[in-house]
Amino acid sequence: MELIRSNKLQVLFVIFLLFSGAISQAQSTTITGTVIGDGYPLPGVSVVIKGTNNGVVTDFDGNFSIDGESSVTLVFSYVGFITKEILVEGKTNLEVTLEPDLAKLDEVVIVGYGTQKKSDVTGAVSSISSEDIQKTANVSINQAIQGRAAGVTVSKTSGSPGASPTVRIRGTGTVNNADPLYVVDGIPVNDIRNINMADAESIEVLKDASATAIYGSRGANGVVLIQTKTGKSEKPVLSYNMYTGFQSRVDNIDILSGPQWGMLSNEANRNDGNEINPDFANPESLPTYAWEDAAYRDGLVQNHQLSFSGRSDKTTYYVSYGYISQEGVIKGSSYKRQNLRVNNTYQLTEDIKFGHNLQYANSSRISSPESGQDPWRRAAFVGYIAEPITPLFQEDGSYGVTQYSSAVNPLGLVEFGSMPEKRENFLGNFFLEANLAEGLLFRSNFGVDINKIEVDNYIPDYNVAPTYNSPESTYILNRAEQKSLVWSNTLNYNKVFNKKHDFTALLGHEIQEISYNNVNAQRSEIPGSVSNPTLGSGNVATASNNGGRSESKLLSFFGRLNYNFDERYLVTATYRVDGSSRFGSNNRWGKFPSMALGWNIHNEDFFQTDFINQLKFRAGWGETGNQNLPNASTFNTLDLNTNYPFGINEITNVGAAPLRPGNQDLKWETTVTQNVGIDMAFWKNQLSFTADYFIKNTTDLLLAVPILATSGYQQSPFGNAGDIENKGLELSTTYRKNINDFNFKIGGNVSFIRNKVTELATDGSLILSAPAQGFGSVGRTEVGHSLASFHGYEMIGIFQTQEEVENNAAFPNTQPGDVRYRDINEDGIINDDDKTYIGSPFPDFTYGLNFEVNYKQWDLSLFFQGTQGNDIFNASAYYLEADLGTNLSTKMLDRWTGEGTSNAVPRVTYLNNGVNTQQSSRFVRDGSYGRLKNAQLGYAFSESLLESLSISKLRIYVSGQNLLTFTNYDGLDPEIGVDQTFNNPLDIGVDRGRYPSTRTVTLGLDVTF
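Quantities reported herein were computed from a predicted structural model and do not represent experimental measurements. (Residues numbered from 1 in each chain as written. Predicted model: local features only at pLDDT ≥ 70, side-chain atom pairs only at ≥ 80, totals over all residues. Heavy atoms only, no water.)

Trainee: Which residues make up the environment of Ala124, and what are the values?
Mentor: With respect to the element layout, Ala124 can be found in the loop between strand 10 (114–117) and strand 11 (125–128). Judged by relative accessible area, Ala124 falls into the buried class, the value being 2%. Between the alpha carbons of Ala124 and Tyr493 there is a distance of 24 Å; along the sequence they are 369 residues apart. Look past the residues within four positions of Ala124 in its chain and what remains in contact with it is Arg170, Val205, Leu206, Lys207, Asp208, Ala211, Arg618, Asn675 and Asp692. (Helix = DSSP H or I, 4+ residues; strand = E, 2+ residues; numbered from the N terminus. Buried < 20%, exposed > 50% of the residue type's maximum accessible area, 1.4 Å probe, protein only. Contact = heavy atoms within 4.5 Å.)

So this is what it looks like as structure tokens:
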């Protein structure tokens, strides 16, 4: 009996344990996690408990939190990815990876103040893979995006290390600052050269007004959105990436040897009626010194990136350090930068999240001499024009001095003309997100961008040449700081009605304040006995200093409404109002609306096809603005640096004079864009195609309007006086294919853009730009032509005989062998009335082409980029193909030497009669080029081999940049953007002998633990 009772108790005990276990399993718990797709967190993923209506959606970082029993099955679904079911089995934190559904592939893109599925995007937006740009050995993101997106033109201002390139989105639409707006983690910044490319998670380019109008007065030139990385993996990840290699110049200017130069010197003297130089009686005996090589070298480049990232159920973290060092191919030039980034998020409660993205960067740059109109002040070029028969060094070891030209010894130019510069940058934002109700998200984002620049330079006295010397030593100390503070607050509401009507509404408010201050100081006559010179070491009597301070503020209100009906019909409407301190009370506020429509035809019931899985039409219209003008343009300003002598002894006193009259009626420069586009995909997205056609009209250009010289003002006032039109077609396509262990992808883009000025201040008015040594202003902006078109005489050949000279229109002093110009107005003389438009710096089209192939552990990528149909005004040819005051191009070996010998290259002479060096089509070149911009071959070691080493990824690679260039251009480099010396968007396509692009070969390593 006791045994039976004991067995009963045991059975009851077991039943109790089972029952209590069932009860415990049935108890509700909080399940959290992150959803990832294509390696990125996915916002907006539906997370539902199977068999119920209980569900949530993931937030911006792909995180979710849901209450349910520990034994439930969660269903994860998202457009473009395969739905996935996961049995929780008591787990409280999940990392879920969704696989792309090739039949419905639909990536998420970043848009202004939020994200959207690409299928819902109605504007013109290009996405650039961060993986693609990180395959290049560039130091900044804006260099690396070249050729990656249709409608985006990137050209170098200089090949000097650390130089920032010219970026244009859908052409140049203003005569002021035409750079796009860069937004990093929601913070508008002016310069992204400090951003570490390895920290970039995604890059989106907003091109039309329906996409950029949400940024109002700052969106007229396009917007580049950069999102930096966050922690993704539940397991901590340590990554180290590096490459090292060498850079070398690409030399494509052939110049005369010593004997060749001596031969042409003798011929020039005979042509001028002079005796030859006795020293050149036997030209073949003359030496050749390679002045063109003196300033160049092979430069070392290295890059190191270290990151640590991960997440827990309450936090995400990403910490990185980057170091890059680049020696320029011009001696002395270099660039070094360090980056430290900390990106964290903290889930404070179920509905409140706090986060920050913080970066500190410091850089040092030494730039070689590269300024002004005259090529002989440019270290990259001056060696080409020095006569080759003079030694680089004199017998006492000092720098050689040219005897027959004005060229300066390039080594001396580098030693005493290079300029050091240090920069510090702090960029960061702090944000708070709160789920106020179902579908209602509040986000507050505060950002700061602080940039400090310092030039601290001691220049000893020197005497390199009669035209390049300083009898006194000099100390220069310049400091500047720019600070930008921005605070934005947004409410985002999303609601789906009846499973078909999807509404998303955004309301926002933003305040931005930008301040700038600088001080410049200089002293001379520092004693040679001072071992560590400072500013205080100089003579007080030689001191000079100046400085300034300015600030501007912007107050904004904005909203956006997105409506999606049944994944078929899409509507996007935005409206922004900006108030700027840069304008007077009459026009302080600007209003910027936009509207866009989309139609996903492939989702219609009547559209039944197996091979077309996407067909989408888009159309948009919108207005954006530009407020890039001096802060005090609406006020009358004074010049406080004007000195006046007065009194009995006429003592000089500091005074003030009128500088520029103000204009209270100034208003926003407005750009109106119309865009139509189509997106297509075939064979389960193996082939995709996108086309956009746009018309972009900029009105009320902010220009300095000329006034009478007798007004007493030193500068002209700003006014709204001009219109510019840009039209274009953009095409891009990608084809990808997977065949077992072999897969490849081919992609390309091409852009056709036409630029035309339709109105300026008054009839017949024009804007001159791009001054060049030996010429006037090469660029001319006039109604009916493109911006900054080249203007001058049209060369039609060479005069062959004296009879031809006498019977045709010609300049005075013209002789047989001189250039013949077209008599445009046929009045029998050549003068300014015969000048015409002789070229444009803007290409007929630009293109990019990429090819990627993977076979097992091997990968190969090739990227080509180029332009077609643009012209370059080769101002450096003024020296290389003109009178024999310098060394010359080997082109001059094909010179005119008598009737019928040449109809393209004039005779050689020492006497400048002003005929052959006129600003003319003779110096205009075809600037078209194609480049193998990047090539990379890599090998990834197998996971089975690495597992025992606790390494999850190990890849080695060799990479090359600018390995091949296909061009007919005869200058140092066909890639000519805005000249950094003048920093004027109208100073474009003029080659004054700037620092060329370099060829780079590197060996790299990627390892992840």
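Trainee: Describe in detail the packing of aromatic side chains, supporting the description with residues and values.
Mentor: Inspection of every chain in the model, using the stated rule, returns 35 aromatic pairs. Ring geometry for Tyr346 and Phe354: centres 6.1 Å apart, planes at 20 degrees, overall stacked. Under the relative-accessibility criterion, Tyr346 is labelled partly exposed at 27%. For Phe354, a relative accessible area of 29% puts it in the partly exposed group. Consider the rings of Phe497 and Phe503, whose centres lie 5.9 Å apart with planes at 75 degrees: the pair is edge-to-face. For Phe503, a relative accessible area of 30% corresponds to the partly exposed category. Of the aromatic side chains, those joined through ring pairs into one cluster are Phe775, Phe790, Phe873, Tyr878, Tyr879 and Phe923. Over the ring of Phe863 we find Arg148; its NZ or CZ atom is 3.8 Å from the centre of that ring. Of note, Arg931 hangs over the ring of Tyr929, and the distance from its end group to the ring centre comes to 5.6 Å. (Phe/Tyr/Trp six-rings, centres within 6.5 Å; stacked < 30°, edge-to-face > 60°. Lys NZ or Arg CZ within 6 Å of the ring centre and 35° of its normal.)

Trainee: Describe the pairing of strand 21 (residues 334–347), listing the residues and the values that go with them.
Mentor: Sheet topology note: the strand 20 (residues 315–327)/strand 21 ladder contains 13 bridges and is antiparallel. Among the inter-strand pairings, Gln326 is bridged to a residue of strand 21, identified as Tyr335. Bridge count between strand 21 and strand 22 (residues 352–367): 14 bridges; the pairing is antiparallel. Looking across to strand 22, one finds that Val342 is bridged to Leu358. If you look at the hairpin formed by strand 21 and strand 22, you'll find four residues sitting between the two strands. (Pairing = 2+ DSSP bridges.)

Trainee: Describe a nonpolar patch on the surface, listing the residues and the values that go with them.
Mentor: A grouping of Leu238, Leu306, Phe308, Val319, Tyr321, Leu340, Tyr360 and Phe1009 is seen on the molecular surface, where their side chains present a nonpolar patch of about 660 Å² in accessible area. Elements with a minimum of two residues in the nonpolar patch: strand 19 (299–311) and strand 20. Considering the arrangement of structural elements, one finds Tyr321 in strand 20. Judged by relative accessible area, which is 34%, Tyr321 ranks as partly exposed. (Patch = residues over 30% accessible without salt bridge, like charges linked within 9 Å, V, L, I, M, F, W, Y side chains within 5 Å. Areas by Shrake-Rupley, 256 points an atom, 1.4 Å probe, with all protein chains shown as cover. Salt bridge = Lys/Arg side-chain N within 4 Å of Asp/Glu carboxyl O.)

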